[in-house]
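# Coordinate inspection notes
Read off the chains here:
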Amino acid sequence: MNELNGYDIEDLEPGMTARFAKTITEADIVLFAGVSGDNNAMHINEDFAAATPFGGRIAHGFLTASTISAAIATRMPGPGTVYVAQEMRFVGPVRPGDTVTAEVTVKEVLRDRNRVILTTTCHVGDRMVVDGQATVRTTSRARRQAAE
């Protein structure tokens, strides 16, 4: 682990796992709608959302998935990691007040390319709400030392 509480590529092995949890609040949903421009009534209008198959408002899928980014940036691999790709399937709704737990697990380490492939999931309790895979570029002790 490097001095900023992250993992260099040399530290990562398949099977390593990290988690990040966040309770999605009303403020999160409203602020995400404002910053993203996604003002879909499904997210911000209870009367509209109550008449849908979800029976009420749900959080934006990308708000939910942002917890994956937080797990990658703050837990593993950690600071200095840059997204290359993310595949996702949204498999269940998240409602205001739900606590989302993102989990990232090292699937493959591509040391020669300085890339890591992670399985990425989000759960609310035991229920999966997002399933996917990310490719990230992470920090490297060897590359830092070579640059010095």
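To be clear, the structure that these remarks concern was listed above.
Just so you know, these numbers come straight off a predicted model, no measurement behind them.

The next subject is the pattern of salt bridges. For the coordinates displayed, the defined rule picks out eight salt bridges. Asp8 serves as the salt-bridge partner of Arg141, at 3.3 Å between the closest nitrogen and oxygen. Of this pair, Arg141 sits in helix 5 (residues 141–147) while Asp8 sits in the segment before strand 1 (17–23), and the two are 133 residues apart along the sequence. As a salt-bridge pair, Glu103 and Arg19 come within 2.8 Å of each other at their nearest N and O atoms. On the criterion of sequence distance, the pair formed by Glu103 in strand 3 (residues 99–110) and Arg19 in strand 1 is long-range, its members being 84 residues apart.

Turning our eyes to something else, we now look at the pairing of strand 5 (residues 127–137). With eight bridges connecting them, strand 2 (residues 82–90) and strand 5 associate as antiparallel partners. In the sheet register, Ala85 faces strand 5, and the bridge partner there is Thr135. In this structure, the hairpin formed by strand 4 (residues 115–124) and strand 5 is closed by a connection of two residues, where Gly125 is found at a positive phi of approximately 65°.

Our next topic: helix 4 (residues 61–74). If you check helix 4, its first and last C-alpha atoms are 21 Å apart, about what 14 residues at 1.5 Å a residue would give, namely 20 Å. Leu63, Thr64, Ala65, Thr67, Ile68, Ala70, Ala71 and Ile72 are the residues of helix 4 that are buried. On its buried face, helix 4 sits against strand 1, helix 1 (26–36), strand 2, strand 3, strand 4 and strand 5.

Topologically, Glu13 is positioned in the segment before strand 1. The class for Glu13 is partly exposed, based on a relative accessible area of 42%. Along the primary structure Glu13 and Arg113 are separated by 100 residues, whereas in three dimensions their C-alpha atoms are 15 Å apart. Apart from the residues within four sequence positions on either side, Glu13 is in contact with Val106, Val109 and Arg111. A distance of 3.0 Å separates the side chain of Glu13 from the side chain of Arg111, its partner in a polar contact.

Attention now goes to the sheet that holds strand 2. The five strands are arranged 1-3-4-5-2 in an open sheet whose pairing can be described as antiparallel. Every interior strand has two partners, whereas the edge strands, strand 1 and strand 2, have only one. Each strand axis lies, on average, 20° off the axis of its neighbour in the sheet, ignoring direction. This element, helix 4, spans strand 1, strand 2, strand 3, strand 4 and strand 5 of the sheet and lies at about 140° to strand 2.

Take the pairing of strand 4 next. The element strand 4 is extensively covered by neighbouring structure, given that eight of its ten residues are classed as buried. In this structure, strand 3 lies alongside strand 4, joined through ten bridges in antiparallel fashion. Paired with Glu108 across the strands is Ile117, a residue of strand 4. Connecting strand 3 to the antiparallel partner strand 4 that follows it, the hairpin turn spans four residues, and Asn114 within it adopts a positive phi of roughly 55°. With ten bridges joining them, strand 4 and strand 5 adopt antiparallel strand pairing. Its bridge partner being in strand 5, His123 is matched across the sheet by Met128.

For helix 1, the set of buried residues is Asp28, Ile29 and Ala33. All buried residues of helix 1 project into a common sector of 130° when viewed along the axis, lining one side. With respect to the buried face of helix 1, the exposed residues turned more than 90 degrees away are Leu31, Gly34 and Val35. Summarising the contacts, the buried residues of helix 1 are in contact with strand 1, helix 2 (41–44) and helix 4.

Thresholds, definitions, all that
- Residue indices begin from 1 for each chain and proceed along its sequence in written order.
- Residue-level local features of this predicted model are given only where pLDDT is at least 70; pairs of side-chain atoms are given and counted only at 80 or more, and the full residue set underlies all totals for whole chains, interfaces and linings.
- Hydrogens and water molecules were not included; the side-chain quantities draw on all heavy atoms of the structure.
- Salt-bridge detection follows one rule: a side-chain nitrogen of Lys or Arg within 4 Å of a carboxyl oxygen of Asp or Glu.
- Numbering of helices and strands starts at the N terminus; helices are DSSP runs of H or I of at least 4 residues and strands are runs of E of at least 2.
- A pair of strands is labelled paired if DSSP reports no fewer than 2 bridges between them.
- One less than the number of residues in a helix, times 1.5 Å, gives the span that helix is expected to have.
- When accessible area is computed with a 1.4 Å probe and restricted to protein chains, residues below 20% of their type maximum are described as buried, those above 50% as exposed, and intermediate ones as partly exposed.
- In what follows, a contact means two residues having at least one pair of non-hydrogen atoms within 4.5 Å.
- In protein, a polar contact means a hydrogen-donor-capable atom and an acceptor-capable atom, both N or O and within 3.5 Å, with residues adjacent in sequence counting only if both atoms are side-chain atoms; elsewhere, any N or O pair within 3.5 Å suffices.
- Orientation is described by axes fitted as lines to C-alpha atoms, over the contacting stretch for helices, and by angles from 0 to 180 degrees between their N-to-C directions.
- Along the arc lie the directions from the helix axis toward the C-beta atoms.

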